[in-house]
Amino acid sequence: MLTVTVALCLAGFLVTSCESTTADRKNLMAMVNQARTASGLAPLSDNLWLDLKADIWARHLRDVCSLSHTDLSARVAKQAENVGLGSAIATVHAAYMESAEHRSNILDPKFSQLGVAAVWGSCSDGTRRVFTVEEFTSG
């Protein structure tokens, strides 16, 4: 049943369970892969389980209106995570590329798969923001 729910969520049918739209996820994935390609690296393939994990974490970040990472010590395979917020997905991606640590995650040649999420919301000040999460793994 969980596999069916995940598949439906990621296909965009269960909007209440998965808030990242297909268009926003594809946009974020494309920006990451364009940066990799421009640096002579292979593009990352989409990992549906990491997409779901990213979406759950992005919703949490939006709900608490704060940035933090998931528990990195619980990771088995080589993984990394970028979390950010901004007025637009492209703005957050540009900030990632300006940050040495975030950029190194995007351009790490050891990574082969990526899960992404972009969840929109307003914090207490009423400003609409997008919270993005990128989950990288070597597979």
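Up top you'll find the structure we're talking about.
Residues numbered from 1 in each chain as written. Predicted model: local features only at pLDDT ≥ 70, side-chain atom pairs only at ≥ 80, totals over all residues. Heavy atoms only, no water.

1. A look at the packing of helix α2 (residues 22-38) against helix α4 (residues 89-98)
What counts here: Axis angles are defined between N-to-C directions and span 0 to 180 degrees, where every axis is a line fitted to C-alpha atoms and, for a helix, only to the segment in contact. Here a helix means four or more residues in a row that DSSP labels H or I, a strand means two or more in a row labelled E, and each is numbered from the N terminus. Working definition: roughly parallel below 35 degrees, roughly antiparallel above 145 degrees, roughly perpendicular at 65 to 115 degrees, and oblique for all remaining angles. For any helix crossing, the convention is left-handed if the near helix is rotated counterclockwise from the far helix by under a right angle, and right-handed if that rotation is clockwise. The contact criterion used is simple: two residues touch if any of their non-hydrogen atoms lie within 4.5 Å.
One can describe the packing of α2 onto α4 by two numbers: an axis separation of 10 Å at closest approach and a directional angle of 30 degrees. With respect to each other, α2 and α4 are oriented roughly parallel. Remark: the crossing between α2 and α4 carries right-handed chirality. Along the contact surface, α2 presents D24, N27, L28, M31, V32 and A35, while α4 presents I89, A90, H93 and M97.

2. Observations regarding the nonpolar core
Rules: Buried Ala, Val, Leu, Ile, Met, Phe, Trp, Tyr and Cys residues that are joined via side-chain atoms within 4.5 Å together make up what is termed a nonpolar core. Classification of residues uses two cut-offs on accessible area relative to the type maximum, computed with a 1.4 Å probe and protein chains only: under 20% is buried, over 50% is exposed, and between them is partly exposed.
With 20 residues, the main nonpolar core has V32, L44, I89, I106, L107, L114 and F136 as its most contacted residues. In terms of residues, this core owes the most to one element, α2, which gives 5 residues. Those residues in contact with I89, other than ones at most four positions away along the chain, are D24, N27, L28, M31, A118, W120 and V130. A54, V119, C123 and F131 belong to the second-largest nonpolar core, a separate cluster that totals 10 residues.

3. Here's the deal with the sheet that holds strand β4 (residues 128-137)
Inclusion rule: Here the rule is simple: two strands pair whenever DSSP picks up at least two bridges between them.
With respect to topology, 4 strands assemble into an open sheet ordered β1-β3-β4-β2, the strand pairing being mixed. Every other strand in the sheet has two partners, leaving β1 (45-46) and β2 (79-86) as the edge strands with one partner each. Examined bridge by bridge, strand β3 (residues 113-122) and β4 share 10 bridges and lie antiparallel to one another. Looking across to β4, one finds that W120 is bridged to V130. Against the sheet, helix α3 (residues 48-64) contacts β1, β2, β3 and β4, and its axis sits at roughly 25 degrees relative to β3.

4. Some points on the side chain of T132
One can find T132 in strand β4. Look past the residues within four positions of T132 in its chain and what remains in contact with it is L28, N82, V83, G84, V92, Y96, A117 and A118.

5. As for the environment of E81
Tracing the chain through its elements places E81 in strand β2. Accessibility expressed as a relative area gives 4% for E81, which makes it buried. Put simply, E81 and E135 are 54 residues apart on the chain and 4.7 Å apart in space, counted from C-alpha to C-alpha.

It is worth stressing that arrangement in space is one thing and function is another; only the former is reported here.
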